[in-house]
Amino acid sequence: MDEPGDVYLELAPPPALARHVEHLWVHRFGGPPPPEGRRLLPDGRINLVWLSQTGARIAGPAQTFLRPPPVDRLIAFGASFWPGAAPYLLRTDASTLVDAHTSLDDVDPRLARRIEARMEHAATPEAALRAFAAELARHLDAVDPPDPVVRAAVRILDRPAATVAAAAEATAVSERELQRRFVRDVGYAPKTLQRVLRFQRFMGHLEHHHAQLAGAAALAGYADQSHLSREARKLSGLSPKQLIGFRH
């Protein structure tokens with residue numbers, strides 16, 4: 001973590017966190033932002049983030065891009081929760097966190113104090129991430145598992161040809177009941193999450209498989225180029241071409 005420039009790393013969570021946390025991450029801003037500014041793209045997840053300047057914060061599920069603090073140098077540690085899982089740790093409705101960054105102290109002061117105490121005494125970034133994970137695991141020990149209906153529906157909605165009606169049928173609940181559970185646990189309706197997941201699939205095809213725009217759009221499930229362009233503008237504030245080589 002000593003080299004110049006921006007660095008973003010994802011790590012698999014320890015087994016004690018795996019039911020709730022998709023991955024742990026470290027993001028270091030090591031220089032000035034690009035001309036268009038840094039932006040965090042929506043992914044349907046709630047993130048618990050710790051920064052030395054502000055302490056522990058909750059990054060709620062986003063419906064469009066958000067901008068990180070406009071600083072040249074910053075290191076942040078975080079846990080990205082599976083869609084629908086974070087409210088069981090936070091004991092709060094996910095819909096109250098949408099498109100917002102909230103101080104953890106306002107939601108769970110006890111957990112905020114414990115994380116702050118552990119992070120302050122960490123000597124290295126690696127030690128800080130281990131301490132962060134250990135405190136989350138301790139807190140999750142007595143937490144209920146995420147709603148299996150929501151988890152199953154999220155997996156279905158991440159398929160290119162899926163529909164909300166099919167997700168409801170497969171999980172044996174009505175569409176209205178599925179929507180109620182999604183708003184409570186994910187933060188927004190199944191259709192909104194489906195749009196966000198489709199956009200993330202598109203970004204994944206661009207980044208990991210080096211697909212061309214048209215191919216990445218088709219693989220992700222977009223009907224045509226205009227559909228992709230509209231969604232890219234709404235979710236990222238950028239055109240599809242501007243997303244080629246995007247780094248957050």
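Scroll up to find the structure.
Numbering of residues starts from 1 in each chain and follows the order in which that chain's sequence is written. Side-chain atom pairs in this predicted model are given and counted only at pLDDT of 80 or more, local residue features only at pLDDT of at least 70, and totals for whole chains, interfaces and linings cover all residues. To obtain the side-chain values, all non-hydrogen atoms of the structure were used and water was disregarded.

## Quick look at the packing of helix α5 (residues 148-157) against helix α7 (residues 175-185)
Think of each axis as a best-fit line through the C-alpha atoms, taken over the contacting stretch in the case of a helix, with angles from 0 to 180 degrees between the N-to-C directions. For the purposes of this entry, the term helix denotes a DSSP run of H or I that reaches at least four residues, the term strand denotes a run of E that reaches at least two, and both are numbered from the N terminus. Two elements in contact, α5 and α7, have axes whose closest approach is 10 Å; the angle formed by their N-to-C orientations is 100 degrees. Comparing their axes, α7 and α5 come out roughly perpendicular. When α5 is examined against α7, the residues Val149, Val150, Ala153, Val154 and Leu157 are found in contact with a partner set consisting of Leu178, Arg181, Phe182 and Asp185. Residue polarity follows a fixed list, in which Ala, Val, Leu, Ile, Met, Phe, Trp, Tyr, Cys and Pro are nonpolar, Asp, Glu, Lys and Arg are charged, and the others, Gly among them, are polar. Grouping the constituent residues of the contact of α5 with α7 by class yields seven nonpolar, no polar and two charged. Orientation labels follow simple angle bins: below 35 degrees gives roughly parallel, above 145 gives roughly antiparallel, 65 to 115 gives roughly perpendicular, and whatever is left gives oblique. Contacts between residues were defined by any pair of non-hydrogen atoms, one from each residue, lying within 4.5 Å.

## Points about the nonpolar core
As a rule of thumb, nonpolar side chains are buried together in soluble globular proteins. Membership of the largest hydrophobic core comes to 35 residues, with the highest contact counts inside it found for Leu178, Phe182, Phe199, Phe202 and Leu243. At the level of elements, α5, α6 (164-170), α7, α8 (190-208), α9 (213-220) and α10 (225-236) are the ones that each hand at least two residues to this core. Looking at which element gives the most residues to this core, the answer is α8, with seven residues. Every residue in contact with phenylalanine 199, bar those within four places of it in the chain, is listed here: Leu41, Tyr222, Ala232, Leu235, Ser236 and Leu243. Within the second largest apolar cluster, 30 residues are counted, among which are Ala94, Ala112, Leu129 and Phe132. The nonpolar core is taken to be a set of buried Ala, Val, Leu, Ile, Met, Phe, Trp, Tyr and Cys residues, with the residues joined through side-chain atoms within 4.5 Å. Buried residues are those whose accessible area, probed at 1.4 Å on protein chains only, stays under 20% of the maximum for their type, while exposed residues exceed 50% and partly exposed ones sit between those limits.

## A look at the packing of aromatic side chains
When the centres of two rings from Phe, Tyr and Trp lie within 6.5 Å, Trp using its six-membered ring, the rings pair. Their planes under 30 degrees apart give stacked, over 60 give edge-to-face, and anything left gives tilted. This model, assessed by the stated rule, comprises four aromatic pairs. Ring geometry for tryptophan 50 versus phenylalanine 77: centroids 6.3 Å apart, planes at 40 degrees, classification tilted. Of this pair, tryptophan 50 sits in strand β3 (residues 47-51) while phenylalanine 77 sits in strand β5 (residues 73-81); the two residues are 27 residues apart in sequence, bridging distant segments of the chain. What makes phenylalanine 77 buried here is its relative accessible area of 4%.

## Comments concerning the side chain of arginine 201
Looking at the secondary structure, you find arginine 201 in helix α8. For arginine 201, the side chain forms a polar contact with the side chain of aspartate 158, separated by 2.9 Å. Leave out the neighbours within four places in its chain, and arginine 201 touches Leu157, Asp158, Arg159, Pro160 and Ala220. We define a polar contact as two N or O atoms separated by no more than 3.5 Å, with the added condition that, inside protein, one atom must be a possible hydrogen donor and the other a possible acceptor, whereas residues neighbouring each other in sequence contribute only through side-chain atom pairs.

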